[in-house]
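Below, each chain spelled out in residue letters.
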Amino acid sequence: MSAVLMLAATLAGCKPPPSDAAVARVSLLAPTSGPSEPLPSPDTTGAVWAGAGTPLRLVYGVPGKPVMIALECLAPGKPEARIKITRHAPADEGASALLALIGNGWIGRFPVDAVQIGPQRLWQGEVPATMPQWEALKPAREATVTVPGAGLVRLNPSPLPMALVSACRGSGQETAGAPVAPADQA
C-alpha cells in the first residue's frame, strides 16, 4: 500500500498542482473577434410611421433620413399570417438576438437574425400576427424597440402600426394606411 502512495506522490511531483494563474493569463489576452461596438440610440424627434409604397408595409423614421424600423405583413388574413419586423441597424454576420417591443402595458420578445438585405446586414425576424404582444403598438402611448447593441428606438404614437397588424390578422382592416370606416360612416 505504501508503494502505491509513494508512486502517486512521485507522479504528482512531476506536474504542478492546478491553479488560477493559467485562467488569469488567458483572460488577459485580447479577443481576436467579437461583436461590433454598440450603437447609440437614434434621435426620434419628428419620426413618423409612413406607407412604404408596398401594400401592408410601413416604415418608421425621421422624414428625409434613413429608416429605423420596418413592419411588413406576410400572408395577410390567413392562419399563418405573420409580421416581418426589421431594425435598420448593422448586425454582425451570423448574429441572433431577441428584439424587445415594449409599450402600452405589453412586452414582446421576438427572435431576430442578421439578414443580408442588399449591401447591408440588418436585424430581421418574422412573428405570427396573432401574437398579443403586437398590442404594444397601440396608438395610446409611445412604444420602444431595442435590439442588443443597436440602441433603443422610441416609437411615437400612431394608429398606422395597429392598422397594419389588424389588416394582417384579417380583422376588417383593408390597408396599413387607413382603417376601414364602418358602413354607416363611409
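Since we're looking at a predicted model, the values are computed, not measured. Every chain begins its residue count from 1, and numbering advances along the sequence as written. Where totals are concerned, whole chains, interfaces and linings use all residues; where local detail is concerned, this predicted model gives features only for residues with pLDDT of at least 70, and gives and counts side-chain atom pairs only at 80 or more. Only heavy atoms go into the side-chain values, all of them from the structure, while hydrogens and water stay out.

**Remarks on empty space enclosed by the protein**
Buriedness of a pocket was judged along seven lines, with at least five required to meet protein on both sides within 12 Å; pockets are open sets of points on a 1 Å grid over the protein atoms alone, cavities are sets where a 1.4 Å probe fits but cannot get out, and lining residues have an atom within 4 Å of a point. Grid points are joined across faces, edges and corners, and a volume is the space filled by probe spheres set on the points. Under the counting rule described, the total for this entry stands at one cavity of 30 Å³ or more. In this structure, the largest cavity spans a volume of roughly 50 Å³. Taken together, Trp49, Ala136, Leu137, Lys138, Arg141, Ala143, Leu155, Asn156, Pro157, Ser158 and Pro161 form the lining of the largest cavity. In the scheme used here, Gly and all other residues not listed as nonpolar or charged are polar, with Ala, Val, Leu, Ile, Met, Phe, Trp, Tyr, Cys and Pro taken as nonpolar and Asp, Glu, Lys and Arg as charged. Residues of the lining of the largest cavity, tallied by class, amount to seven nonpolar, two polar and two charged.

**Re the side chain of Asn104**
Numbering of helices and strands runs from the N terminus, with a helix taken as a DSSP run of H or I at least four residues long and a strand as a DSSP run of E at least two residues long. Its place among the elements puts Asn104 in the loop between β5 (96-103) and β6 (106-117). Of the residues examined, Asn104 reaches a relative accessible area of 15% and is grouped as buried. N or O atoms closer than or at 3.5 Å make up a polar contact, with two conditions inside protein: a donor-capable atom paired with an acceptor-capable one, and, for residues adjacent in sequence, both atoms drawn from side chains. Polar contacts involving the side chain of Asn104 include one to the main-chain carbonyl oxygen of Ala136, which spans 2.9 Å. One polar contact links the side chain of Asn104 to the main-chain amide nitrogen of Arg141, over a distance of 3.2 Å. Buried residues are those whose accessible area, probed at 1.4 Å on protein chains only, stays under 20% of the maximum for their type, while exposed residues exceed 50% and partly exposed ones sit between those limits.

**Structural notes on the state of the cysteines**
Pairs of cysteine sulfur atoms within 2.5 Å are what we label disulfides. Taken as a whole and assessed by the stated rule, the structure comprises one disulfide. At a sulfur-sulfur separation of 2.1 Å, the disulfide partner of Cys73 is Cys168. Residues Cys73 and Cys168 are joined through a disulfide that is right-handed, its torsion about the S-S bond being 80 degrees. Placement of the pair is Cys73 in strand β3 (residues 69-74) and Cys168 in helix α3 (residues 160-169), with a sequence separation of 95 residues. Of the two residues, Cys73 and Cys168, both sit in the buried class.

**Considering the nonpolar core**
By size, the foremost hydrophobic cluster in this structure holds 40 residues, and its most contacted members are Ile69, Leu101, Trp123, Trp134 and Leu155. Here this core takes six residues from α3, the largest share from any one element. Aside from chain neighbours lying at most four places away, what touches Ile69 is Trp49, Leu58, Val59, Tyr60, Ile85, Thr86, Arg87, His88, Val145, Val153 and Leu155. We call a set of buried residues a nonpolar core when its members are Ala, Val, Leu, Ile, Met, Phe, Trp, Tyr or Cys and they connect through side-chain atoms within 4.5 Å of each other. Contacts are assigned to residue pairs with any non-hydrogen atoms lying within 4.5 Å of each other.

**Digging into α3**
Among the ten residues of α3, nine are classified as buried, and the element is accordingly described as predominantly covered. Residues of α3 that are buried include every one of Leu160, Pro161, Met162, Ala163, Leu164, Val165, Ser166, Ala167 and Cys168, and no others. Of the surrounding secondary structure, the elements contacted by the buried residues of α3 are β1 (48-51), β2 (57-61), β3 and β4 (82-90). Looking one or two residues past α3, Gly170 carries a phi angle of roughly 85 degrees, positive in sign.

**Comments concerning the environment of Arg87**
With respect to the helices and strands, Arg87 occurs in strand β4. Once the C-alpha coordinates of Arg87 and Thr146 are considered, the two residues, 59 residues apart in sequence, prove to be 8.6 Å apart. Among residues more than four places away in sequence, those in contact with Arg87 are Pro42, Met68, Ile69, Leu99, Leu122, Trp123, Val147, Ala150 and Val153.

**Observations concerning the pattern of salt bridges**
Counted as salt bridges are all cases of a side-chain nitrogen of Lys or Arg within 4 Å of a carboxyl oxygen of Asp or Glu. Within the structure shown, the criterion is met by seven salt bridges. When the shortest N-O distance is used, the salt bridge between Glu135 and Lys138 registers 3.6 Å. Accessibility expressed as a relative area gives 36% for Lys138, which makes it partly exposed. For Arg169, the salt bridge is made with Glu135, and the minimal N-O distance between the two is 2.9 Å. Of this pair, Arg169 sits in helix α3 while Glu135 sits in the loop between β7 (120-128) and β8 (143-146), placing them 34 residues apart in sequence. Look at Arg169 and you get partly exposed, because its relative accessible area is 25%. In this structure Glu135 comes out as buried when scored by relative accessible area, which is 14%. It is possible to trace a salt-bridge network through shared partners that takes in Arg57, Glu72 and Lys84.

None of the figures reported here should be taken as evidence of function without further support.
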